[in-house]
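Structural overview for review
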Amino acid sequence: MGKVMEKINSANIFKSLAIKLPLACIAGALLTACGGSSSGSSTSNSSSSSSSSVSSSSSSVSNEPVAITIPFSAVSGSTDINCAATLEGLGTVSTRATIADFRFYVHNLRLVTSTGEELPITLDETGVQADNIALLDFRDKLGTGATACQGDANPTMNKQVVGKVLIGNNTIASVRFVLGVPATHNHADQTLAKEPLKTPGLSSGMHWGWNVGYKFTGLDVFTAVPITRPSDANWTNSRWNIHLGSTGCTGDAVSGGAVTCTAGNRAEITLTNFVVGESTIQLDYAKLVEHSNMGEDGGGPAGCMSGATDPECATIFASLGLAHATQTTAPSAQTAFSIVNK
């Protein structure tokens with residue numbers, strides 16, 4: 001009788017457990033309490049996974065310089081710049097033109113963080129970059145004179161800068177660069193220079209001489225209708241140039257002497273909303289010449305050659321945010337360069 005009662009009591013105990021505890025706990029009811037070591041093991045695994053995720057996230061922030069490529073593009077309104085392009089509606093008299101040359105130098109490239117800190121980009125040494133100076137060249141064909149941009153394919157066409165920069169855990173907000181060649185390289189023997197500053201070489205057609213230095217930009221077009229000069233009925237030209245460069249330079253660079261220039265004419269460009277790996281820096285020629293009368297020229301070579309008395313430079317310099325002696329008002333922010341995001 002005692003054994004029968006013992007069996008009944010045991011059955012009642014398990015029945016009670018089945019009612020009060022989840023089924024998952026019954027199997028281990030006599031070994032562990034429900035919510036004990038099994039749940040603790042799960043918490044431990046979750047904690048380990050979370051720790052691994054944080055560690056992985058932290059390790060993704062590099063404390064070493066990382067490779068960076070910044071594409072550049074050149075357009076005129078909605079038209080891509082190339083040697084076959086026809087540019088319409090330019091300037092104040094809707095000039096039509098084709099490309100003769102389209103090159104420019106940049107240096108001192110930096111990323112700017114959300115707190116305003118500048119992170120310098122060290123450019124790779126390539127055939128089109130040296131000493132943190134790069135030549136952007138949008139000509140897909142070569143040629144000179146009247147057949148400029150109509151010859152053989154251009155093997156050194158270049159639409160990007162490549163280098164390295166230490167970003168760390170900074171948030172990037174802007175990109176900044178200087179349009180032009182730095183003073184440290186502007187007045188030297190170009191025949192001994194490294195590319196892209198060598199003449200003969202990539203700087204051919206982009207140099208004024210030792211004392212004056214390099215043309216920072218060679219943004220030249222052939223106009224469909226000849227350019228005239230109100231003061232000279234016999235004067236015409238069909239090439240309108242934008243040659244930015246230093247002026248008022250004195251010294252003897254040939255003999256190794258120091259050269260100083262009253263007008264450096266280097267435009268520092270800052271562009272916001274820059275996203276690493278997604279943004280392209282775009283130059284819009286139509287914006288650059290928006291306020292220029294490309295049908296007439298007031299003096300000197302056609303277009304803007306950076307001279308202090310060159311009347312065509314007032315509006316061009318203003319579009320780049322630069323001051324010029326012929327301007328009647330101080331320039332505001334540049335309008336020629338912008339950011340295009342994917």
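Residues numbered from 1 in each chain as written. Predicted model: local features only at pLDDT ≥ 70, side-chain atom pairs only at ≥ 80, totals over all residues. Heavy atoms only, no water.

**Notes on the layout of surface pockets**
Looking at the largest pocket, its volume works out to about 340 Å³. Where the lining of the largest pocket is concerned, the elements lending two or more residues are β4 (95-113), β13 (217-229) and β14 (232-242). Sort the elements by how many residues they give to the lining of the largest pocket and β4 lands first, with 3 residues. Taken together, the residues that form the lining of the largest pocket break down as 6 nonpolar, 11 polar and 7 charged. (1 Å grid on protein atoms, 1.4 Å probe; cavity = no way out; pocket = protein on both sides within 12 Å on 5 of 7 lines; lining within 4 Å. Points joined across faces, edges and corners; volume = space filled by probe spheres on them. Helix = DSSP H or I, 4+ residues; strand = E, 2+ residues; numbered from the N terminus. Nonpolar A, V, L, I, M, F, W, Y, C, P; charged D, E, K, R; others polar.)

**Things to note about the packing of aromatic side chains**
Per the counting criterion, the structure on display carries 8 aromatic pairs. Judged by centre distance (6.0 Å) and plane angle (70°), the rings of tyrosine 105 and tyrosine 214 are edge-to-face. With tyrosine 105 in strand β4 and tyrosine 214 in strand β12 (residues 213-214), the pair connects residues that are 109 residues apart, well separated along the chain. Relative accessible area serves as the criterion here: at 0%, tyrosine 105 is assigned to the buried category. The class for tyrosine 214 is buried, based on a relative accessible area of 1%. Ring pairing ties together the aromatic residues Phe72, Phe102, Phe104, Phe138, Phe177, Tyr285 and Phe337, which thus form one cluster. In this structure, arginine 229 is placed above the aromatic ring of tryptophan 235, and the distance from its NZ or CZ to the ring centre is 3.9 Å. (Phe/Tyr/Trp six-rings, centres within 6.5 Å; stacked < 30°, edge-to-face > 60°. Buried < 20%, exposed > 50% of the residue type's maximum accessible area, 1.4 Å probe, protein only. Lys NZ or Arg CZ within 6 Å of the ring centre and 35° of its normal.)

**Brief notes about the confidence of the model for the protein**
Across the protein, the average pLDDT comes to 86, with 82% of residues at 70 or higher. In this model, residues 1-59 is a region of pLDDT below 50 whose contacts with residues beyond four sequence positions or in other chains number 5 contacts. (pLDDT = per-residue confidence, 0-100. Contact = heavy atoms within 4.5 Å.)

**With respect to the state of the cysteines**
By the definition in use, this model includes 3 disulfides. A sulfur-sulfur separation of 1.8 Å characterises the disulfide bridge that pairs cysteine 83 with cysteine 149. With the S-S dihedral at roughly -70°, the linkage between cysteine 83 and cysteine 149 falls on the left-handed side. Taken together, the positions of cysteine 83 in the loop between β2 (79-80) and β3 (86-90) and cysteine 149 in the loop between β8 (133-137) and β9 (160-165) put the pair 66 residues apart, joining distant regions of the chain. (Disulfide = S-S within 2.5 Å.)

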